[in-house]
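# Coordinates in review
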Amino acid sequence: MVISMINPILIKLTENDKRIIFVILALIILVLIIAAYIGFLITKIMKYQGKKINNYVTDVIVTGVITNEKDFKQYAKKKNWWLFYHQARIPALVVLIGVIFYIIASSITGYKDPFNKDTGFASLLFVWDFSVVFSVPEEGVGLLIRWPELVNTPHFTSEAWISYIFVPIILVGGIWYLVTVQAFIARQLQIMKLSQKIFNEQIERYVANQNVQNGTYSQNDYNAAEENMGDIINKNGSK
Amino acid sequence: MVELVKNIGKGFLYIIALPFFLIVLSITAVLGLFILLYMFVKSIFLFFTGRSLSDELPEDRKVREIKEGKIRKESTPEHVVIETDKQENIEIIAKSEKEQKIEDAVFKNVVPEDDSKDEPEEIVFEELNREEPQISEPIEEETNKEVEPIQIEKEEDKILDNFVNEPMKEETKIEEIQTDNSFINNDNIVAEEIKIGDYGHNSADSRIVEDTYNPEEEEEDNGVTISFGDIDD
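Predicted, not measured: the structure shown is a model, and the values here were computed from it.

Conventions adopted
Residues take numbers from 1 onward in each chain, read along the sequence in its written order. Here every chain gets a letter starting at A, and every ligand a number starting at 1, in the order they are written. Whole-chain, interface and lining totals are the exception, using all residues; otherwise, since this is a predicted model, local features are given only for residues with pLDDT of at least 70 and side-chain atom pairs are given and counted only at 80 or more. Note that water and hydrogens are dropped before the side-chain values are worked out from all heavy atoms of the structure. The numbering of helices and of strands both runs from the N terminus, where a helix is a DSSP run of H or I of at least 4 residues and a strand a run of E of at least 2. For every residue, the accessible area obtained with a 1.4 Å probe (protein chains only) is divided by the maximum for its type, and the residue is called buried under 20%, exposed over 50%, and partly exposed between those limits. Any two residues whose heavy atoms approach within 4.5 Å at even a single point are treated as in contact. For accessible areas, the Shrake-Rupley method is used with a probe of radius 1.4 Å. Any residue's cover is judged against the shown protein chains and nothing else. Any Phe, Tyr or Trp ring, taking Trp's six-membered ring, that has another such ring centre within 6.5 Å forms a pair; planes under 30 degrees apart are called stacked, those over 60 apart edge-to-face, and the others tilted. Reported buried area values correspond to the accessible surface (1.4 Å probe) lost by two parts on association, with both partners' losses combined. For salt bridges, the criterion is a side-chain nitrogen of Lys or Arg within 4 Å of an Asp or Glu carboxyl oxygen. A 3.5 Å cut-off defines polar contacts: any pair of N or O atoms within that distance qualifies, except that in protein one atom must be a possible hydrogen donor and the other a possible acceptor, and neighbouring residues in sequence count only when both atoms are side-chain atoms. Each patch is built from residues that are more than 30% exposed by relative accessible area and take part in no salt bridge. Like charges join if they lie within 9 Å; nonpolar side chains (Val, Leu, Ile, Met, Phe, Trp, Tyr) join within 5 Å. For the charge count, each Lys or Arg is scored as positive and each Asp or Glu as negative, with His and the chain ends excluded. The atom standing in for a charge is NZ when the residue is Lys, CZ when it is Arg, CG when it is Asp and CD when it is Glu. We define a nonpolar core as any set of buried Ala, Val, Leu, Ile, Met, Phe, Trp, Tyr and Cys residues linked to one another through side-chain atoms lying within 4.5 Å. Working convention: axes come from line fits to C-alpha atoms, limited for helices to the stretch in contact. Angles between N-to-C directions cover 0 to 180 degrees. Angle categories: roughly parallel below 35 degrees, roughly antiparallel above 145, roughly perpendicular from 65 to 115, and oblique for all the rest. Two helices cross in a left-handed way if the nearer one is turned anticlockwise from the farther one by less than a right angle. They cross in a right-handed way if the turn is clockwise. Residues were grouped as follows: Ala, Val, Leu, Ile, Met, Phe, Trp, Tyr, Cys and Pro as nonpolar; Asp, Glu, Lys and Arg as charged; and all remaining residues, including Gly, as polar. The pLDDT score gives, residue by residue, the confidence of the prediction method on a 0 to 100 scale. The term bend refers to the angle at a residue between two fitted axes, each drawn through seven residues, those ending there and those starting there.

### Concerning the overall build of chain B
- Within chain B, the secondary structure is distributed over seven helices and three strands.
- For chain B, the α and β elements follow one another from N to C terminus as α-α-β-β-α-α-α-α-α-β.
- Looking at chain B as a whole, 24% of its 233 residues are labelled buried.
- Residue pairs in contact within chain B that sit at least 24 positions apart in sequence constitute 54% of those at least 6 positions apart.
- Accessible area for chain B stands at about 18,100 Å²; split by element, carbon and sulfur atoms hold 55% of it.

### Observations concerning the overall build of chain A
- Looking only at helices and strands, chain A features six helices and four strands.
- Across chain A, helices and strands are ordered from the amino to the carboxyl terminus as α-α-α-β-β-β-β-α-α-α.
- At a minimum sequence separation of 6, the contacts of chain A that also span at least 24 residues come to 64%.
- With an accessible surface of roughly 16,100 Å², chain A has 65% of that area assigned to carbon and sulfur atoms.

### Observations concerning the packing of aromatic side chains
Residues and elements named next belong to chain A.
- Tallying each qualifying case throughout the model produces 11 aromatic pairs over all chains.
- Taken together, a centroid distance of 6.4 Å and an interplanar angle of 70° make the contact between Phe121 and Tyr164 edge-to-face. Taken together, the residues Phe121 in the loop between α3 (69-109) and β1 (127-129) and Tyr164 in helix α4 (residues 161-200) connect sequence positions 43 residues apart. Comparing Phe121 with Tyr164, the two get one shared label, buried.
- Put simply, the rings of Trp81, Phe84, Tyr177 and Phe184 pair up and form one aromatic cluster.

### Observations concerning the interface of chain A and chain B
- Contacts between chain A and chain B engage 32 residues on the former and 30 residues on the latter.
- Contact between chain A and chain B buries roughly 2,600 Å² in total, counting both sides, with carbon and sulfur atoms accounting for 81%.
- When the buried surface of chain A facing chain B is broken down by residue, Leu32(A), Trp81(A) and Tyr85(A) rank first, second and third, together holding 22% of it.
- Here chain A is connected to chain B by one salt bridge.
- Across the chain A-chain B interface, the total number found is five residue pairs in polar contact (both at pLDDT 80 or more).

### A closer look at the side chain of Ser43(B)
- In this structure, Ser43(B) sits in helix α1 (residues 2-48).
- For Ser43(B), a relative accessible area of 19% gives the class buried.
- Not counting residues up to four positions away in its chain, the partners in contact with Ser43(B) are Tyr85(A) and Leu53(B).

### Thoughts on the environment of Asp59(A)
- Position of Asp59(A) relative to the elements: it lies in helix α2 (residues 54-62).
- Ignoring any residue separated from it by four or fewer positions in sequence, one finds Asp59(A) in contact with Val63(B) and Lys67(B).

### So, the side chain of Gln49(A)
Residue and element names in this part refer to chain A.
- Within the fold, Gln49 resides in helix α1 (residues 15-50).
- According to the relative accessible area criterion, Gln49 is buried, its value standing at 14%.
- In this view, Gln49 contacts Val179, Gln182, Ala183, Ala186 and Arg187; residues no more than four positions away in its chain are not counted.

### A closer look at unusual backbone geometry
- A positive phi angle is found at Asp113(A), which is not glycine, with a value near 60°.
- Among the secondary structure elements, Asp113(A) is positioned in the loop between α3 and β1.

### Topic: a positive patch on the surface
- There is a patch of like positive charges on the surface, built from Lys44(A), Lys47(A), Lys51(A) and Lys193(A).
- Looking at the element boundaries, Lys51(A) is found in the loop between α1 and α2.

### Digging into the nonpolar core
- Ranked by size, the top nonpolar core spans 32 residues in total, and within it Val57(A), Val60(A), Ile66(A), Phe72(A), Phe84(A), Tyr177(A) and Val181(A) carry the most contacts.
- Broken down by secondary-structure element, the contributors of at least two residues to this core are α2, α3 and α4 of chain A together with α1 of chain B.
- Residue contacts for Val181(A): discarding those within four places in its chain leaves Phe84(A), Leu25(B), Thr28(B) and Ala29(B).
- By size, the runner-up hydrophobic cluster in this structure holds nine residues, among which are Tyr102(A), Ala160(A), Tyr164(A) and Val167(A).

### Quick word on the packing of α2(A) against α3(A)
Residues and elements named next belong to chain A.
- Here α2 crosses α3 at 155°, and the two axes come no closer than 10 Å. Judged by the angle between their axes, α2 and α3 are roughly antiparallel. In this structure, α2 meets α3 at a crossing whose hand is right-handed. On α3, the residues that touch Tyr56, Val57, Val60 and Ile61 of α2 are Phe72, Tyr75, Ala76, Lys79, Trp82 and Leu83.
- Here the contact of α2 with α3 is composed, by residue class, of nine nonpolar, no polar and one charged.

### Concerning the confidence of the model for chain B
All names here are of chain B.
- Overall, the predicted model of chain B reaches an average pLDDT of 63, with 30% of residues at or above 70.
- Averaged pLDDT values over the elements of chain B bottom out at 46 in helix α6 (residues 166-183) and peak at 91 in α1.
- With pLDDT under 50 throughout, residues 190-206 is counted as low confidence; its partners more than four residues away or in other chains account for 31 contacts.
- If you check the scores for this complex, the pTM reads 0.55 and the ipTM reads 0.71.

### Notes on α1(B)
- By the largest-angle criterion, Ala17(B) marks the main kink of α1(B), which is about 40°, and a proline, Pro19(B), follows within four residues.
- Every buried residue of α1(B) is accounted for by Asn7(B), Gly11(B), Leu25(B), Thr28(B), Ala29(B), Gly32(B), Leu36(B), Met39(B), Ser43(B) and Leu46(B).
- Where α1(B) is buried, its residues contact α1, α3 and α4 of chain A.
- The positive-phi residue at the C-terminal boundary of α1(B) is Gly50(B), with phi of around 85°.

Shown next as structure tokens:
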């Protein structure tokens, strides 16, 4: 495809160019749809992770030990940090072990650069050179687009044994730790949501419940009361 | 088609929100590292002071107290074991409605009116040390369980008597008489006066077991159920 810089308005598109543009657009839409489902998956996982804090804060609400939003948030925050510490100490330990191993091994052997494609973990991966994708042609006018060059194919090297141990440990520990961080954020969001629901919507819930009991409910009141039955807080203290 | 467009829009939003999410994630991760380090050091300090990070907060303590209070109110056990006497294999169980001391339940009809706390115990030990009754058949070490077996034997004998040959009846009768003589004192003791643990002033009667012993009656009278555990050989 050649984009004319002299007359930018006139763009000559061949059949091949049209097919390529069509494919690129389809790919973009596909990427957006995949991103939507991945985002949906992440939000669902975060909701599931956030609900874990319910088990730790239910008792203080049901027994009436905490009756205001500020105390609830403080108490729930402490519980959340404690949970985070409980969950994150193992992946932190794993990462620490990997780092200690690398420090000791590299100090003994003088090894450096564990991510190098020749003597590092990248020797096990396909590596492309993206620097040649966009270039200027010899004429000096225009823009040349090319496919990236394949620079490395997977192969084992004995020199990179330290990286073969260090990088997987770091990857596992790092991803595990990030998941616990995500769980912490999810629980924090759930705490904010709960404090709103428990302490600020009680009047609406009470009215809805009263109307249901009196038999003077509207459909909206009935729906609200039905939703409230699944809530944590109940006037009678039952879940 | 609408769903597809919605998903495309959601994907677009998620892609835009992704960098912000990554920023929040990275900040929380760095903060989490510091918090981890702080809590690790704190846990070491708490460990040496005999506490731990998992200790309950003041709110948790209140919740526990409230729950225990509720649980205690709700539970009303019918029987509460007051005391067990392992030597005698006796378990004395009193109903929760009546507060009865063990001494009152055991020595109810035996303790005199001017009884003090120490006297029943003295009586018990004095009676145990007295001479054993003379019986022809060997006595088992614990006499408390003699009631039912003897009663059963006699009942069986009586049942057997109906089905055994007539000449045998006389022999069994003689045996009964002999056994009766071996166990019954010359004094005609009324069954109602004798009770388990009735070691009191009628010392000679302490080991005499009456045939008419009825544990059900005792339960009604005293509000105390006495059960006998298995005796180890």
